[in-house]
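Spelled out, the chains give:
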Amino acid sequence: MRPSQLLRVLEREFASTAQGHHTPVMLWGPPGVGKSQMVSQIAANHQVPMIDIRLSQMEPSDLRGIPFRDGPLVEWAVPATLPDTERHGRAGILFLDEITSAPPAVSAAAYQLILDRRLGEYCVPEHWAIFAAGNRQGDRGVTYSMPAPLANRFSHFEVDTHLDDWVAWAYQYGVDERVIGFLRFRPELLFDFDPAHNPVAFPSPRSWEFAHRCLKKFEDTPELLQGTLQACVGPAAGIEMAAFVQSLDQMPDLDAILAGAEVPVPREIDLQYAVAAALVGRAIRALRHSDGEEMIGHILAYAERFPQREMGVMLVSDLHRAVGDRLFAVPAFASWAQVVADVMLYE
């Protein structure tokens, strides 16, 4: 399932704790596809705490607690990491990460916690959602086969990578437009992981975020840029990304485009992708200014001039995902829509 759909599922599952309909959710997927980040995003959206418990680093007693004698009886000291209304708040998310890397004894200790929302005398507060994530056995991570009793305590979702969803996230979180433009140009490199070769660095949504940071740190030292990009996304993708960045000195004047000047569209396809990504980024920032709608109108006019209309459609689709329905209020949108009326858009 694509990330935008999974976020909606997780939103519903979190909200359902209030009605008592919550089902624990297990997210499956290879490393670097954003499983943990999606759960963090739900917590941030609702401004609730997320308790991240790495079961792979725990012993059974870390969950069950430590026994102590209380007169003639033995009681259990509840671990402070487990959700508590007084310490952590009325609502939140208990996130069991790396659950497939947990030894069987630890998984067995989690059975009751996940399904019955309790461990001995301890109870998970009713407005807390339980989410978990792990790698598949073929992903070359340290994994154990999930026991059937544990698997049957979850609803299971496979996390797919999807370029449009990643691009929308990247604009929202300020990822460098050069990275976005490159992945629009080379979409197959958003995620390229072959577990048979057990690579150290490889392209993934997570490692492209590292590439964004790399550009910010090393763009002024060309002799280091290629090597540091390779360290983030792997040898082949790093070389391609460095070459893409070096070619951008032929980019048209973006300020002139925003001002409404007649700027020609570059003939090179890679530069067209770079221009489209950069203009979406400029449009997002333009909305902070009083003349923002006028600038977006000039971007829409420029989108009409791409030789391949699909390129302009991609630009405007990304722009709509980034700024929402405010785009429809820009007068130039109607003109652009008339030009591309016969080009179908699919989500």
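Shown above is the structure to which this text applies.
Numbers given to residues run from 1 along each chain, matching the order in which its sequence is written. Local features in this predicted model are restricted to residues whose pLDDT is 70 or higher, and side-chain atom pairs enter the listing and the counts only when it is 80 or higher, whereas totals over whole chains, interfaces and linings include all residues. As a rule here, side-chain values cover all heavy atoms of the structure and leave hydrogens and water aside.

## Thoughts on the sheet that holds strand β5 (residues 91–97)
Whether two strands pair depends on DSSP finding at least two bridges between them. Going along the chain from the N terminus, every DSSP run of H or I of four or more residues is numbered as a helix, and every run of E of two or more is numbered as a strand. Taken together, the five strands give an open sheet; going across it, the order is β2-β5-β8-β1-β9, and neighbouring strands pair in parallel fashion. Each edge of the open sheet is held by one strand with a lone partner, namely β2 (50–54) and β9 (155–158). In this sheet, adjacent strand axes meet at a mean angle of 20 degrees when their direction is disregarded. Taken together, the six bridges between β5 and strand β8 (residues 127–134) define a ladder with parallel strand orientation. Bridged to Gly92 within β8 is Trp128. Lines fitted to C-alpha atoms define the axes, with helix axes restricted to the stretch in contact, and inter-axis angles between N-to-C directions lie between 0 and 180 degrees.

## Describing the packing of helix α8 (residues 177–185) against helix α9 (residues 205–218)
Working note: a packed helix pair is described by the angle between its axes plus the distance between those axes. Between α8 and α9, the least distance of the axes is 9 Å, while the angle of their chain directions is 135 degrees. By the criterion of interaxial angle, the relationship of α8 to α9 is oblique. The crossing of α8 and α9 is right-handed. Here Arg178, Val179, Phe182 and Leu183 of α8 come into contact with α9, specifically with Trp208, His212 and Leu215. Roughly parallel refers to an angle under 35 degrees, roughly antiparallel to one over 145, roughly perpendicular to one between 65 and 115, and oblique to any angle outside these ranges. When the near helix sits turned anticlockwise from the far one by under a right angle, the crossing is termed left-handed; a clockwise turn instead gives a right-handed crossing. Contacts are assigned to residue pairs that have any heavy atoms within 4.5 Å of one another.

## Here we look at the pairing of β5
Relative accessibility under 20% of the residue-type maximum defines a buried residue, over 50% an exposed one, and the middle range a partly exposed one, all with a 1.4 Å probe and only protein chains included. Within β5, six of the seven residues are buried, leaving the element largely enclosed by the surrounding structure. Sheet topology places β2 next to β5; five bridges connect them, and they run parallel. Within β5, the position partnered with Arg54 by the bridge is Asp97.

## Describing the state of the cysteines
The criterion for a disulfide is a pair of cysteine sulfur atoms lying within 2.5 Å. One pass over the full model with this rule turns up zero disulfides. With no disulfide partner, Cys214 has as its closest neighbouring cysteine sulfur the one in Cys232, 4.7 Å distant. Using a relative accessible area of 2% as the deciding quantity, one classes Cys214 as buried.

## Topic: helix α7 (residues 163–172)
Counted residue by residue, α7 has eight buried out of ten residues, so it is predominantly covered. Those residues of α7 that sit buried are Leu163, Asp164, Asp165, Trp166, Val167, Trp169, Ala170 and Tyr171. Those residues of α7 that are buried are in contact with α1 (3–15), α2 (35–46), α8, α9, α13 (269–286) and α15 (309–323). At the C-terminal side of α7, Gly174 shows a positive phi close to 75 degrees.

## A look at the packing of aromatic side chains
Here is the rule: rings of Phe, Tyr and Trp (six-membered ring for Trp) pair when centre to centre is within 6.5 Å. Planes less than 30 degrees apart are stacked, more than 60 are edge-to-face, and the remainder are tilted. If you walk through the whole model with that rule in mind, you get twelve aromatic pairs. Centroid distance Phe185 to Phe244: 6.3 Å. Interplanar angle 20 degrees. Geometry classified as stacked. Within this pair, whereas Phe185 is found in helix α8, its partner Phe244 is found in helix α11 (residues 235–246), the two being separated by 59 residues in sequence. With relative accessibility at 31%, the residue Phe185 sits in the partly exposed group. With centroids separated by 5.9 Å and ring planes inclined at 50 degrees, the aromatic side chains of Phe185 and Tyr273 adopt a geometry described as tilted. Of the two residues, Phe185 sits in helix α8 while Tyr273 sits in helix α13, which places them 88 residues apart along the sequence. By relative accessible area, which is 18% here, Tyr273 ends up buried. Among the aromatic side chains, those forming a connected cluster through ring pairs are Phe182, Phe185, Trp208, Phe244 and Tyr273.

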